[in-house]
Amino acid sequence: TMAVARVNLLALTSWVGIARLFAVVLSCLTFSLVASTGNFRGPFGTWCMFTWCFCFIVTLLVLLLELLELYPMLPLSWEDFTSAFSMLAMLMVFTSSVVFPATFISSPCSSNKCARQAVATTTSFLCFLAYTVEVGLTRAKPGDISSFLSTVPGLLKVFEAYVACLIFSLLGEYNNSSGLMWCVAVYSICFIFTLLIIIFTIGRCLAYCPCPLDKVLVGYNFLALLMYITATVIWPLYSFKGRPRPESCGRNCWWDKHLGVTFLTIFNLIAYLVDLVYSSRMVFVRTP
């Protein structure tokens, strides 16, 4: 027997559906405006265009699957998938909204091309706000752990993995220094385990874990926090000690990249700390 697709108009008329519709329209408008300028070459331009196109396609697919109620046929946890994607899209679009104008808009902005780039930046930022609203609407309420990735620890897992990707994009040469190599190992190990947690949660595989999963996650967060504390201290110490910023430092200066890694490391350190606090409360503090 063939499954009959039903139309669920609530997928478009609910607040979450409206936020997704705004995200689809704004992301489409953004990459169309940028494409009309023809100025999006290079790694930063390619990344921004990929972000807007990727978010447009996946959000449109999510809307169609919910509109036709076909998502139960997929072998995954739909709530976890949509929560993780909306968080990822929010972070990606925010990054593009900052990177694109900083890279491609020059001052003074008086040409028609520059005006389109400015409008694209505005629509990209509005798209970021649409995804932010979706994250807020789909976030699990206190006491509700039906879908892990919609809880604060679950959303933080997506944030931690994304920040680690940004760190990898800034890693250049680290002079075979044992201290910097340890930091790279910290970023890689924590990224791999966090990504596996996200994938296994969406794929409904964590239920087969023979250990108490909630306590395992608390233990992992504690170890990741300790590792990031060492990286927060060691990375700037080995990167900048006795190495001031060169005067002829260009756009791709190693010193600036290492400074970016330093700040991103601090961001992830804070994220793992908050993650540990929230996950510990979920495990050890039982609310009536």
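Not measured: the values here are computed from a predicted model.

### Quick look at the UniProt feature "transmembrane region" (unreviewed entry) in the protein chain
- Residues annotated in UniProt with the feature "transmembrane region" (unreviewed entry) correspond here to residues 12-35, 47-65, 85-105, 117-133, 145-168, 180-202, 217-238 and 259-278.
- The span residues 117-133 is 100% helical and 0% strand by assignment, and the distance between its end C-alpha atoms comes to 24 Å.
- Between the end C-alpha atoms of residues 180-202 there is a gap of 33 Å, over a span that is 100% helix and 0% strand.

### Details of the pattern of salt bridges
- Going through the model one piece at a time under the given rule, you end up with three salt bridges.
- A salt bridge links E66 to R20, with the nearest nitrogen and oxygen atoms 2.9 Å apart. One end of the pair, E66, is in helix α3 (residues 42-67); the other, R20, is in helix α2 (residues 15-37), and 46 residues separate them in sequence. Each member of the pair, E66 as well as R20, carries the same accessibility label: buried.
- The class for R20 is buried, based on a relative accessible area of 4%.
- If you follow the salt bridges from partner to partner, you end up with R20, E66 and E134 in one network.

### Quick look at unusual backbone geometry
- With a phi close to 55°, E69 is a non-glycine residue in the positive phi region.
- The residue E69 is located in the loop between α3 and α4 (78-104) in this model.
- Residue classification places E69 among the partly exposed positions, given a relative accessible area of 28%.
- Non-glycine residue R204 carries a positive phi angle of around 55°.
- Among the structural elements, R204 can be located in the loop between α7 (178-202) and α8 (213-240).

### Describing the environment of V25
- When you line up the elements, V25 lands in helix α2.
- Since its relative accessible area comes to 54%, V25 is described here as exposed.
- Taking the C-alpha atoms as reference, V25 lies 38 Å from N221; in sequence the two are 196 residues apart.

### Let's talk about the side chain of S27
- Note that S27 resides in helix α2.
- Within the local environment of S27, its side chain forms a polar contact with the backbone oxygen of A23, the two atoms lying 2.7 Å apart.
- For S27, the side chain forms a polar contact with the main-chain oxygen of V24, separated by 3.0 Å.
- Look past the residues within four positions of S27 in its chain and what remains in contact with it is W52, F56 and C127.

### Quick word on α8
- In this model α8 runs 40 Å from its N-terminal to its C-terminal C-alpha over 28 residues, within 8% of the 40 Å that 1.5 Å per residue would give.
- The complete set of buried residues in α8 reads L217, V218, Y220, N221, A224, L225, M227, Y228, A231, T232, W235 and S239.
- Just downstream of α8 lies G242, where phi reads positive at about 70°.

### Looking at the domain arrangement of the protein chain
- Considered domain by domain, the protein chain is made up of domain 1 (1-146) and domain 2 (151-287).
- Contacts between the two partners involve 18 residues from domain 1 and, on the opposite side, twelve residues from domain 2.
- When the buried area of domain 1 at its contact with domain 2 is split by residue, M87, L91 and R139 rank highest and sum to 28% of it.
- Counting the contacts that link domain 1 with domain 2 gives zero salt bridges.
- Summed over the shared surface of domain 1 and domain 2, the result is three residue pairs in polar contact (both at pLDDT 80 or more).

Parameters at a glance
Each chain has its residues counted from 1, following the order in which its sequence is written. Given that the model is predicted, a residue must reach a pLDDT of at least 70 before its local features are reported, and side-chain atom pairs must reach 80 or more before they are shown or counted; all residues, however, enter totals for whole chains, interfaces and linings. Note that the side-chain values use all heavy atoms of the structure and ignore hydrogens as well as water. UniProt positions are given in the numbering used here, feature names are shortened, and annotations may be inferred rather than shown by experiment. Numbering of helices and strands runs from the N terminus; a helix is a DSSP stretch of H or I covering at least four residues, while a strand is a stretch of E covering at least two. Every case where a carboxyl oxygen of Asp or Glu lies within 4 Å of a side-chain nitrogen of Lys or Arg is listed as a salt bridge. Any residue under 20% of the maximum accessible area for its type is buried, any over 50% is exposed, and the rest in between are partly exposed; the area is computed with a 1.4 Å probe on protein chains only. As used in this structure description, the phrase polar contact means that two N or O atoms lie within 3.5 Å; if the pair is within protein, one of them must be able to donate a hydrogen and the other to accept it, and residues adjacent in sequence are counted only when both atoms belong to side chains. Contacts are assigned to residue pairs that have any heavy atoms within 4.5 Å of one another. By this rule, a helix spans an expected 1.5 Å times one less than how many residues it contains. Domains are outlined according to an automatic or database domain assignment. Defined here as a combined quantity, buried area equals the accessible surface (1.4 Å probe) lost by two parts on assembly, summed across both.

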